[in-house]
Every structure is written in structure tokens, then in C-alpha cells.
Amino acid sequence: MSWQAFIQSQLAQRKQDSAWRKRICIDFGTSRALQVSGQKYLNFSSNDYLGLSHHPKVVEAWQKGAALYGVGSGGSGHVTGFTQAHYALENDLSEWLDYPRALLFISGFAANQAVITALMAQGDRILADKLSHASILEASMLSSANLRRFTHNSPLALQKLLTNPSKGKTLVITEGVFSMDGDSAPLDDLHQLARANNAWFMVDDAHGIGVRGREGRGSCDVYGVKPELLIVTFGKAFGLSGAAVLCDEQTADYFIQVARHLIYSTSMPPAQAVALSGALKQIRQANDARAQLNHNIAYFRKNIQLDDLRLAPSETAIQPLIVGDNDKSLQLADFLRQNGLWVQAIRPPTVPPSSARLRITLSAAHDQQDIDRLLEVLHGFTIK
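Definitions and limits used
Sequence positions are assigned chain by chain, starting from 1 and proceeding in written order. Two thresholds apply to this predicted model, a pLDDT of at least 70 for residue-level local features and 80 or more for giving and counting side-chain atom pairs, whereas whole-chain, interface and lining totals are computed over all residues. With hydrogens and water stripped out, all remaining heavy atoms of the structure feed into the side-chain values. Note on pairing: DSSP must find at least two bridges between two strands before they are called paired. Runs of H or I in DSSP of at least four residues are treated as helices and runs of E of at least two as strands, each being numbered from the N terminus. Fitting a line to C-alpha atoms yields each axis, with helices limited to the stretch in contact; the angle taken between N-to-C directions then spans 0 to 180 degrees. Every residue pair with non-hydrogen atoms within 4.5 Å of one another is taken to be in contact. The buried label goes to any residue with under 20% of its type's maximum accessible area, the exposed label to any with over 50%, and the partly exposed label to all in between, with areas taken from a 1.4 Å probe on protein chains only. We score Asp and Glu as negative and Lys and Arg as positive, and we do not count His or the chain ends. Salt bridge, as applied in this entry: a Lys or Arg side-chain nitrogen positioned within 4 Å of an Asp or Glu carboxyl oxygen. Two rings from Phe, Tyr or Trp (for Trp, the six-membered ring) form a pair when their centres are within 6.5 Å of each other. A pair whose planes differ by under 30 degrees is stacked, one over 60 is edge-to-face, and the rest are tilted. Consider the ring centre and the ring normal. A charge sits over the ring if Lys NZ or Arg CZ is within 6 Å of that centre and within 35 degrees of that normal. We call a set of buried residues a nonpolar core when its members are Ala, Val, Leu, Ile, Met, Phe, Trp, Tyr or Cys and they connect through side-chain atoms within 4.5 Å of each other. Each direction from the helix axis to a C-beta atom contributes to the arc, which is the arc of those directions.

(A) A look at the sheet that holds strand S10 (residues 243–247). Read from one edge of the open sheet, seven strands run S4-S10-S9-S8-S7-S5-S6, paired in mixed fashion. Both edges of this open sheet fall to strand S4 (101–105) and strand S6 (146–150), since each of them pairs with a single strand only. Shown here is a sheet whose adjacent strand axes are inclined to one another by a mean of 20°, direction ignored. Sheet topology places strand S9 (residues 229–233) next to S10; four bridges connect them, and they run antiparallel. When the bridges of S10 are listed, leucine 230 appears paired with leucine 246. Of the strands in this sheet, S4, S9 and S10 touch helix H3 (residues 84–97), which is tilted by about 130° from S4. Along the sheet, helix H4 (residues 108–119) makes contact with S4, strand S5 (125–129), strand S7 (170–175), strand S8 (200–204), S9 and S10, crossing S9 at roughly 160°.

Listed below in C-alpha cells is the structure:
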């Protein structure tokens, strides 16, 4: 088969399966609303859970950072790309989350890949939740370690895997809040099993940090656990982008020596680090915004009434509406769009087969009128 024939066949299959992805260029957007080609929509697809991407003090912090440092870092953190702004943010994060060290990465994807590939070698094993993020599973498969996936959120399934002997190191991986289902992992039970079996525990809390726990410290704070490796990302509640790995002193020093994503990537702009420090200040005092978000979640779940669709049992900002069929999920997304609501359809392979869905995300920036409009339109949809 020629290269052209291979690509054409793959694209044709995607279209046939109603799994075709396309990017849509928006004019501008916030966590509450966006505009596309001059048309305004209520936005229920943003991960900006606290509305910080447009917070005046966060925007001002970035502007001040840009005036001081310029708009780029100019190199890897191992060359010239590690500034006082990065150093201050790492210290702020480690103090907030009560870890000895924090290391900054350009994305959550990079952080997960860096940690797993730096730590795991042939003869080691990775035990990851079956629904772990693509960055976790991909890094695990690319590493030389043996990957085994345990039943989603099942301590019993993890325990069975842990009873099998392993000569190498064991790393147990899960998420605080799962990005496509919105449910929470039983972190206390999983952590206890990992410790009892001399395994390290890694938690990716991309969707829990900032919106759960005391001062937004995340899912681990809710469960009272402290994993050896905590991944927090800045593209959700922080309202920006990037990520950090929280760990002990020696592990941080080890990553600085061997983590290729740290060594060979241009670091985040220092102006962005200044903005992230500004966002962290807002998160720590955002109890009212977190209360509003929780109110919005409870209100939405209490008032939704659907005959043909199933709302997943999520108590977080992620509210998946399970449709099942790819075509029907696209029909519903299009119906919502025609009525001024922006909600994306999520289809396999991002989610398991026959579980296509609308991933509704709520924000503290939404008001009750916004949610009432979403409920009204959803109630008016009929599957064809």
C-alpha cells in the first residue's frame, strides 16, 4: 500500500465511523460564552472551571511579567530558561501542596510522559486505571516497563494485580477526577494498597486541582493522601496552560538529571509563570467561586430530565451525557449549537466504543439562567 493510499483509507474510515475530528476557529471565548464566525454561544465545553482565564488580576500579572521578562523564555530551563519567575512559582506550589519540590513542565502531557519514561525501565511494572488519560497510557506503552490496566476505580482489581510478584519497581497510576466521566478515584484505598505492596503512587489531578479540597488543593487533599508523585496542570481551573510535578527532593533532582521533557524543551515563558502565580493567589481565596460551581453542578443534576439519554454519575464540573451512538451524539451537539449552546460531542477512540457522549462542563462563571437555558434545550431534543 502506498503512503497516499494508507492516509486516504484511514481518513475514509474515520468519516464512515462518524469519528471525524475537525478544529473550529473561534473568534474569542470565555468559560461562560464564546463567539464563532460572529455567532455567540453559551459555552459548556470549557475546562476553565473558575473563570480565571479572563480574571483581571491574572491578566494583569501576565502583562507585568511580559513587561519584565518579554514574551518567551529563550531556551531550556537547563540553559537560560529558568528564571526567578519559575523559581517563585515552583516554591509557591510546593508550599501550597505541602511537598518539598515542584518542577514545571510545558503541559500535562509532557509532565506525565517525562515522569513515566524517566522512572520506569525493563522489568518494572505500571498498574494504571483502565480509563487513565492518553498521555499516561501512551508513556506507559512507550516505556520498557510492563503495563497492566486495572478495572476503573476498582481497588479489588488493583489488589489482584499487586499480588502477582514483580522483580522490578511498581508504579500505581490513577487520576483524581477522570476527564471523560467526571467521576473520582478512591484515592485513599488505592494509596493504601500501593503502600502495602511497596509501590509508588502517582495521581494526575488535572481536573481536581483548584476546585476541590481546602483552598483548592485538589483531590488528594479531599482524601487525605499524599502520593509520591502528584501531577497538577494549569489548563483547567488555573485558566492558563502548563503543569507541575510535586515530589520529594531527591526525586526532583533525579528528574532534573534525566527527564528529557525538562532537558530538551523550551521552558514556559516566565511571563506565564508570573500569571500562574497570580492565578494561584486567586485559587487560594476562591471559596465563593468553588461554592458557586458546586451549586451549579447540584442545580443541573437536580433539574435535568431525559428519557433517551443517560447522565453519568458525576459530582464534578464534568457532566457526561451518554448518547452511545456516534451519529446521534453529533446530532445532539448540532441541535444545541442551533440553539446557541456550545457543547462538544466526544466519540471513540477518546471514549470506549458505544459510549459517545456530550461532555458538558460547568463553570463558576455560569449563572442559573445559563443552566436553565441548557436544560430547556436538552429537554426539547428527540433522537431521530
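After that view of the structure, there is still more to cover.
(B) Spotlight on the side chain of glutamate 90. Inspection of the secondary structure assignment puts glutamate 90 in helix H3. Although buried, glutamate 90 forms no salt bridge, and the nearest oppositely charged side chain, arginine 101, lies 5.7 Å from it. If we ignore the near neighbours within four places in the chain, the residues touching glutamate 90 are Phe82, Ala102, Leu103 and Leu104.

(C) Broad picture of the packing of aromatic side chains. Tallying each qualifying case throughout the model produces six aromatic pairs. On the numbers, 6.2 Å between centres and 50° between planes, the contact of tyrosine 254 with phenylalanine 255 is tilted. Judged by its relative accessible area of 35%, tyrosine 254 falls in the partly exposed class. An aromatic cluster is built from Trp96, Phe234 and Phe238, whose rings are joined through pairwise contacts. One Lys or Arg, lysine 15, reaches over the ring of tryptophan 20 and ends 4.6 Å from the middle of that ring. Arginine 337 extends its terminal NZ or CZ atom over the ring of tryptophan 342, reaching a point 3.9 Å from the ring centre.

(D) Representation of the pattern of salt bridges. Under the defined criterion, the tally for this structure stands at 14 salt bridges. Between aspartate 370 and arginine 32 there is a salt bridge; the shortest N-O distance is 2.7 Å. Of this pair, aspartate 370 sits in helix H14 (residues 368–379) while arginine 32 sits in the loop between strand S1 (28–29) and strand S2 (33–36); the two residues are 338 residues apart in sequence, bridging distant segments of the chain. Assessed through its relative accessible area of 3%, aspartate 370 is described here as buried.

(E) Main features of the nonpolar core. By size, the foremost hydrophobic cluster in this structure holds 78 residues, and its most contacted members are Leu93, Phe238 and Phe300. Residue contributions to this core peak at six residues, all from helix H11 (residues 270–284). Discounting chain neighbours no more than four positions away, the residues touching phenylalanine 238 are Leu52, Leu93, Trp96, Ile209, Thr233, Leu276, Ala279, Leu280 and Ile283. Leu119, Ala128, Leu137 and Ile173 belong to the second-largest nonpolar core, a separate cluster that totals 27 residues.

(F) Geometry of helix H9 (residues 249–258). Buried within H9 are the following residues: Thr251, Ala252 and Phe255. Seen end-on, H9 carries its buried residues on one side only, within an arc spanning 100°. Away from the buried face of H9 by more than 90 degrees, exposed residues Gln250 and Gln257 are located. Buried residues in H9 make contact with S4, H4, S8, S9, S10 and helix H10 (260–263).

(G) Highlighting the sheet that holds strand S15 (residues 356–361). Sheet architecture is open: four strands sit in the order S11-S12-S15-S14, paired in antiparallel fashion. Across the chains shown, the open sheet's two edge strands, defined by having one partner strand only, are strand S11 (310–311) and strand S14 (345–346). Sheet topology places S11 next to strand S12 (residues 318–324); two bridges connect them, and they run antiparallel. Among the inter-strand pairings, arginine 310 is bridged to a residue of S12, identified as isoleucine 322. Strands S11, S12 and S15 of the sheet are contacted by helix H12 (residues 287–303), whose axis makes an angle of about 30° with S12. Relative to S15, helix H13 (residues 326–338) is tilted by about 35°, and along the sheet it contacts S12, S14 and S15.

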